[in-house]
Amino acid sequence: MAESNMLTRDPVHATPRVWGKPGELAPDVFMYPAFVNTYALRTPVGLLVIDPGFTHASETVQGAIRGWSDAPLHTAVYTHGHVDHAFGLRAFLHAGERPQIIAQENCLDRFRRYAMTHGWNARINQRQFSLPQPHFPRHFDWPTLTFRDGLTQRFGDLEVQYHAAKGETDDACWVWVPERKYLFTGDLIIWQAPNCGNPQKVQRYPAEWAAALDTMAGLDAEWLFPGHGLAIAGRAAVRQVLTESARYLRIIIDQVLARMNAGETPEQIFHAVEPDPELAQRPYLQANYDHPKFIVRNLLRLWGGWWNGNAAELLPATPETQAREIAALAGGVDTLIARGRALLDAGDSTLAAHCAEWATRAAADHRGAQELKRDVYARRLNEETSLMAQGIYRAAMNDARLALGEEPDRVQRLVMGWNED
Ligand SMILES: [Zn+2]
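Quick caveat, the model's predicted, so the values are computed rather than measured.

Q: Whenever I open this one, the overall build of the protein confuses me. Can you help?
A: Scanning the protein for helices and strands turns up 13 helices and 14 strands. By the compact-globule yardstick of 22 Å for 421 residues, the protein fits well, its C-alpha radius of gyration being 23 Å. Its C-alpha atoms put the protein at 80 × 50 × 40 Å along the principal axes. In the protein, buried positions account for 53% of the 421 residues. Within the protein, residue pairs in contact and separated by at least 24 positions form 67% of the contacts whose partners lie at least 6 positions apart. Between the averaged position of the 42 positive side-chain charges in the protein and that of its 50 negative side-chain charges there is a distance of 2 Å.

Q: What is the right way to read the coordination of the zinc ion from this model?
A: In ideal tetrahedral geometry, four donors around a metal make angles of 109.5 degrees, whereas ideal octahedral geometry with six donors gives angles of 90 or 180 degrees. Coordination sphere of the zinc ion, protein contribution only: Asp84 (OD), His85 (NE2), Asp187 (OD) and His228 (NE2), at 2.0 to 2.5 Å. In primary-sequence terms, the residues that donate to the zinc ion follow D-H-x101-D-x40-H. His85 matches Asp84 in its accessibility class, with the two residues each being buried.

Q: Honestly, the pattern of salt bridges in this entry has me stumped. Any pointers?
A: Note that side chains of opposite charge can pair when their charged atoms are close. In the structure shown here, the tally under the stated rule is 24 salt bridges. Between Arg154 and Glu159 there is a salt bridge; the shortest N-O distance is 3.2 Å. Its relative accessible area of 22% is what places Glu159 among the partly exposed residues. Between Arg259 and Glu264 there is a salt bridge, with the nearest N and O atoms lying 2.9 Å from each other. Judged by its relative accessible area of 27%, Arg259 falls in the partly exposed class. Among the charged side chains, a network of salt bridges with common partners joins Glu24, Asp28, Arg42 and Arg180.

Q: Sorry if this is basic, but what is going on with helix α10 (residues 333–345) here?
A: An α-helical segment advances 3.6 residues per turn. Residues three or four places apart therefore align on the same side. Between its first and last C-alpha, α10 extends 18 Å over 13 residues, near the 18 Å set by a 1.5 Å rise per residue. Buried within α10 are the following residues: Val333, Leu336, Ile337, Gly340, Leu343 and Leu344. Down the axis of α10, the sector holding all buried residues measures 125°, keeping them to one side. For α10, the exposed residues lying more than 90 degrees away from the buried face are Asp334 and Asp345.

Q: Sorry if this is basic, but what is going on with the pairing of strand β2 (residues 23–26) here?
A: In regular strands, side chains alternate between the two faces of the sheet. For β2 and strand β3 (residues 29–34), the ladder comprises three bridges, and the chain directions are antiparallel. Among the inter-strand pairings, Gly23 is bridged to a residue of β3, identified as Met31. Linking two consecutive strands that pair antiparallel, namely β2 and β3, is a turn of two residues; a positive phi of about 70° is found at Asp28 within it.

Q: Would you explain the environment of Thr335 in this entry?
A: Position of Thr335 relative to the elements: it lies in helix α10. Here Thr335 falls in the partly exposed class, since its relative accessible area comes to 37%.

Q: How should I be thinking about the packing of helix α12 (residues 367–383) against helix α13 (residues 387–403) in this particular structure?
A: Helix-helix packing is described using two parameters, namely the angle between the two axes and the distance between the axes. As a packed pair, α12 and α13 sit with axes 8 Å apart at the nearest point and diverge in direction by 155°. Here α12 lies roughly antiparallel to α13, going by the angle between them. Note on packing geometry: the crossing formed by α12 with α13 is left-handed. Contacts between α12 and α13 involve Gln370, Lys373, Arg374, Tyr377, Ala378, Arg380 and Leu381 on the former and, on the latter, Gln390, Tyr393, Arg394, Ala396, Met397, Asp399, Ala400, Arg401 and Ala403.

Q: Teacher, can you tell me more about the layout of surface pockets here?
A: The gaps of empty space that remain are located by a probe, the size of a water molecule, rolled over the atoms. In this structure, the largest pocket spans a volume of roughly 1600 Å³. What lines the largest pocket is a set of 36 residues, among which Glu267, Phe270, Arg297, His354 and Arg380 lie closest to the centre. At the level of secondary structure, the elements contributing two or more residues to the lining of the largest pocket comprise α4 (118–129), α7 (266–272), α8 (292–303), α9 (319–330), α11 (349–362), α12 and α13. With six residues, α11 is the single largest residue contributor to the lining of the largest pocket. Estimates place the volume of the second largest pocket at around 360 Å³. Only α3 (106–116) and α4 provide two or more residues apiece to the lining of the second largest pocket. By residue class, the composition of the lining of the second largest pocket is 13 nonpolar, nine polar and seven charged.

Q: Would you mind showing me how to read the packing of aromatic side chains here?
A: Tallied over the full model, the rule gives 19 aromatic pairs. Connected via pairs of aromatic rings, a cluster forms that spans Tyr78, Phe87, Phe111, Tyr114, Phe136, Phe140 and Trp142. In this structure, Lys166 packs its charged tip against the face of Tyr205, placed 4.7 Å from the ring centre. In this structure, Arg297 packs its charged tip against the face of Phe270, placed 3.9 Å from the ring centre.

Q: Can you help me understand the sheet that holds strand β13 (residues 223–226) in this one?
A: Two strands in a sheet stick together by hydrogen bonds in their backbones, pointing the same way (parallel) or opposite ways (antiparallel). Spatially, β1-β14-β13-β12-β11-β10-β9 is the arrangement adopted by the seven strands of the open sheet, whose pairing is mixed. Here the strands that pair on one side only, and so sit at the sheet edges, are β1 (7–8) and β9 (150–155). Packed on one face of the sheet, helix α6 (residues 235–261) meets β12 (182–186), β13 and β14 (231–233) and runs near 130° to β14.

Thresholds, definitions, all that
Note on numbering: residues in each chain are counted from 1, in written sequence order. Given that the model is predicted, a residue must reach a pLDDT of at least 70 before its local features are reported, and side-chain atom pairs must reach 80 or more before they are shown or counted; all residues, however, enter totals for whole chains, interfaces and linings. Note: side-chain values were computed over all heavy atoms of the structure, leaving out hydrogens and water. For helices the rule is a DSSP run of H or I covering at least 4 residues; for strands it is a run of E covering at least 2, with both sets numbered from the N terminus onward. We compute the radius of gyration over the C-alpha atoms and compare it with the globule rule, which gives 2.2 Å times the number of residues raised to the power 0.38. Only protein chains enter the area calculation, which uses a 1.4 Å probe; residues under 20% of their type maximum are buried, those over 50% are exposed, and those in between are partly exposed. Note on definitions: a residue-residue contact is assigned when non-hydrogen atoms from the two residues lie within 4.5 Å. The sign given to each residue is positive for Lys and Arg and negative for Asp and Glu; His and the chain ends receive no count. The atom standing in for a charge is NZ when the residue is Lys, CZ when it is Arg, CG when it is Asp and CD when it is Glu. Sites may look incomplete, because water is not among the atoms used; the donor set itself consists of N, O and S atoms within 2.8 Å of the metal (3.2 Å for Na, K and Ca). The salt bridge criterion pairs a side-chain nitrogen of Lys or Arg with a carboxyl oxygen of Asp or Glu, the two atoms within 4 Å. A helix is expected to reach a length of 1.5 Å times the quantity of its residues less one. This arc describes the spread of directions from the helix axis toward the C-beta atoms. One bridge is not enough; two strands pair if DSSP finds at least two bridges between them. Lines are fitted to the C-alpha atoms to define the axes, a helix being fitted only along its stretch in contact, and any angle between axes, read from their N-to-C directions, falls within 0 to 180 degrees. Roughly parallel means an angle under 35 degrees; roughly antiparallel means over 145; roughly perpendicular covers 65 to 115; every other angle is labelled oblique. Should the near helix be turned anticlockwise from the far one by less than a right angle, the crossing is termed left-handed; should it be turned clockwise, right-handed. Buriedness for pockets is judged along seven lines, at least five of which must meet protein on both sides within 12 Å for an open set on the 1 Å grid over protein atoms alone, while cavities are sets there where a 1.4 Å probe fits but cannot get out, and lining residues have an atom within 4 Å of a point. Grid points are joined across faces, edges and corners, and a volume is the space filled by probe spheres set on the points. Here the nonpolar group is Ala, Val, Leu, Ile, Met, Phe, Trp, Tyr, Cys and Pro; Asp, Glu, Lys and Arg are the charged ones; every other residue, Gly included, is treated as polar. Stacked, tilted and edge-to-face pairs are distinguished by plane angle, under 30 degrees for stacked and over 60 for edge-to-face with tilted covering the rest, among Phe, Tyr and Trp rings (Trp via its six-membered ring) whose centres lie within 6.5 Å. By definition, being over a ring means that NZ of Lys or CZ of Arg is both within 6 Å of the ring centre and within 35 degrees of the ring normal.

In structure tokens:
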């Protein structure tokens, strides 16, 4: 079989990608890489599909898998219940196939929560991925078999193990085929700094994530098939990616814990903690999606309360009242705007953003305030590599544009490759 451009034996020098040509990239393993990776494993009794993917790609992915094998779909497994992984079975089900659908038991609560908070999640995804409309699925292909800690399934004489974990989600599951030394990690490996900080979404689990990575590193897998990005071949390469990803997380976790236990406030901890600079350069640990500072926030949320350490913020005045007070102290909104412009010109878009927020909250109808806000977030958007931060900055910029009667910026085809066709 020809070597795929979705496979690397040298991850330290690889160029990450999340799109590639579908095909069989290891014996009996078919990969469909379209932002998310869908896999089909050929077993003696039929196919095991790991992460059927997005709803909108269901027909395409099913067609590609059916072009590779006409064996019946015996089982599908969701490595977790996210929109890009667990919503693509439609085409198989419409074709009359009735696979066992396996997931970790927390996937059920996830789907229930998705139904309960549909509007909220639709808006989060619109903002995070700069979609033209709020969008979130309402239809679920529910698991038919769930497990708590682990499950072993026999496909004829081929054994497949499912292991529960927590990380990006509380319903993670990784898949191990001992005889082949195949490891399917789901989103425990994504060719990005771990997605365990997301500012808009529910709790993530950095420590459990690191533990799962170390457990997987102990398997001596020959092949690693991630939820997104390149497959990795070779025992040493697989182990390095797993152990270094765990270490990246632990270095952040240890700093947060030490500072929490030393009595620092959440804001002090947020500003002080940094990722390991060498590991942060690895192609598989770049912060182009999530942001390491957001991981700090998630740990504070997990182990602490929500109070930020500023007593005035405990039962605060409204943001508008605070902003009007600051504007009055400054001598008027125009002074605030001028100061924001000066900061922006001097390259301090961080502080300029605070001026813009005060100015627009003190005087929402003031064109100069909205223009400052628009320009500040255009700059922050440009300076930021984290897609999650970019999404929020673009949304703030667009709020200002709409207030000014301008067209919002909808030009982005998502960096990570969301194609809502
Ligand atoms: Zn994913």
